[in-house]
Amino acid sequence: MKKSLIVLVTAVCMLGSGFNAKADVVDKLVMYFPNRFMDLVDIASVEVGFGPCVKLEVRATRAFGFGGSVGVCSKAVKDYNRQYGVCIDNGWDYGFAFLADEDTDRAFTSRLVKKYWYAASGIPLPTERIYNIYTGARDYWEIGVGIALLVEFRCAIHPIDVADLITGWFFIDLKGDDLGSQELK
């Protein structure tokens, strides 16, 4: 009885604390399952392309991987931070354990794919702007594989998005990417 009374008082306080709180609670409830579906889709990235390119790489974060790539590739992407569309990637990179070197350019993108040019030598740092977990074009923590010989295929899993999905079931939005009903209008 005591627990039921505490839950009831908490709910009344949340719903009765003002119009914005009511709207926020209703919004979270209405968008709960669509947001969990989007969190599930966010877990993986896939790229398919073609062009004069060669690639063979395996990585367990951007700081640790093996392989490399060189060439130009036109591709369709479903990428990190809800990037959907087409782009052209140009450049080269290689990595052997913690040693890495890269000069790549993502240009000629569709509206929802982020452009970038990234040149670095050594171990990349997760504090770089390109790896920002909220707005970055690339995921520092991704675990992925890529292969290409004129036709490219790349896929990756994003551990931060896995955590976002798990905590989302408990109404905690780690990445701040849950949609509200305003985005649907």
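Residues numbered from 1 in each chain as written. Predicted model: local features only at pLDDT ≥ 70, side-chain atom pairs only at ≥ 80, totals over all residues. Heavy atoms only, no water.

**Q** Run through the overall build of the chain, naming residues and quoting values.
**A** Looking only at helices and strands, the chain has four helices and six strands in total. Start at the N end of the chain and walk to the C end: the helices and strands fall as α-α-α-β-β-β-β-β-β-α. In the chain, the share of contacts with a sequence separation of at least 24, taken over all contacts with a separation of at least 6, comes to 54%. In the form shown here, the chain has an accessible surface area of approximately 11100 Å², with 74% of it arising from carbon and sulfur atoms. (Helix = DSSP H or I, 4+ residues; strand = E, 2+ residues; numbered from the N terminus. Contact = heavy atoms within 4.5 Å. Areas by Shrake-Rupley, 256 points an atom, 1.4 Å probe, with all protein chains shown as cover.)

**Q** Give me the lowdown on the packing of aromatic side chains, citing residues and values where you can.
**A** Two numbers describe a pair of aromatic rings. These are the distance of the centres and the angle of the planes. For the structure shown, the criterion picks out eleven aromatic pairs. For the pair Y32 and F33, a centre-to-centre distance of 5.1 Å together with 85° between the ring planes defines the contact as edge-to-face. Judged by relative accessible area, Y32 falls into the buried class, the value being 10%. Given the relative accessible area of 58%, F33 is considered exposed. Look at Y32 and W169: their rings are 5.7 Å apart centre to centre, the planes differ by 70°, and that puts the pair in the edge-to-face class. With Y32 in helix α3 (residues 32-42) and W169 in the segment after α4 (159-168), this pair connects stretches of sequence that are 137 residues apart. For W169, a relative accessible area of 41% gives the class partly exposed. One aromatic cluster in this structure is built from Y32, F33, W169 and F171. Cation over ring: R36 sits above Y32, and NZ or CZ is 5.2 Å from the ring centre. (Phe/Tyr/Trp six-rings, centres within 6.5 Å; stacked < 30°, edge-to-face > 60°. Buried < 20%, exposed > 50% of the residue type's maximum accessible area, 1.4 Å probe, protein only. Lys NZ or Arg CZ within 6 Å of the ring centre and 35° of its normal.)

**Q** Outline the pairing of strand β1 (residues 44-60), supporting the account with residue identities and numerical values.
**A** Pairing geometry for β1 and strand β6 (residues 143-157), over 14 bridges, is antiparallel. Note on β6: the bridge partner recorded for R59 is G144. Looking at chain direction, β1 and strand β2 (residues 65-79) are connected through twelve bridges and run antiparallel. Each bridged residue has a counterpart across the sheet, and for K55 the counterpart in β2 is S69. Linking β1 to β2, which pair antiparallel, is a turn of four residues; within it T61 sits at a positive phi near 95°. (Pairing = 2+ DSSP bridges.)

**Q** Please set out the pattern of salt bridges residue by residue, giving values where relevant.
**A** Tallied over the entire structure, the rule returns 21 salt bridges. E47 is the partner of K75 in a salt bridge, and the nearest nitrogen-oxygen pair spans 2.8 Å. One end of the pair, K75, is in strand β2; the other, E47, is in strand β1, with 28 residues separating them in the sequence. Accessibility assignment for this pair places K75 and E47 in one class, buried. Its salt-bridge partner being D79, residue R106 comes within 3.2 Å of it at the nearest N-O pair. Note that R106 is positioned in strand β4 (residues 99-107) and D79 in strand β2, a separation of 27 residues in sequence. Here the two residues R106 and D79 agree in accessibility, since each one is buried. (Salt bridge = Lys/Arg side-chain N within 4 Å of Asp/Glu carboxyl O.)

**Q** Describe α3, naming the residues involved and giving the relevant values.
**A** Think of an α-helix as 3.6 residues a turn; residues three or four steps apart then line up on the same face. Along α3, the positions that sit buried rather than exposed are Y32, N35, R36, D39 and D42. The buried residues of α3 occupy one face: seen down the axis, they fall within an arc of 115°. Along α3, exposed side chains directed more than 90 degrees from the buried face belong to F33 and F37. (Arc of directions from axis to C-beta.)

**Q** Please give an account of empty space enclosed by the protein that cites residues and values.
**A** Tallied over the full model, the rule gives two cavities of 30 Å³ or more. Counted as a void, the largest cavity has a volume near 350 Å³. If you go around the largest cavity, you meet 27 residues; those closest to its centre are K55, S69, K75, D89 and T104. Mapped onto the lining of the largest cavity, the elements with two or more residues apiece are β1, β2, β3 (83-97), β4 and β6. Element by element, the count of residues in the lining of the largest cavity is highest for β2, at seven residues. Looking at the lining of the largest cavity residue by residue, the class counts come to six nonpolar, five polar and 16 charged. (1 Å grid on protein atoms, 1.4 Å probe; cavity = no way out; pocket = protein on both sides within 12 Å on 5 of 7 lines; lining within 4 Å. Points joined across faces, edges and corners; volume = space filled by probe spheres on them. Nonpolar A, V, L, I, M, F, W, Y, C, P; charged D, E, K, R; others polar.)

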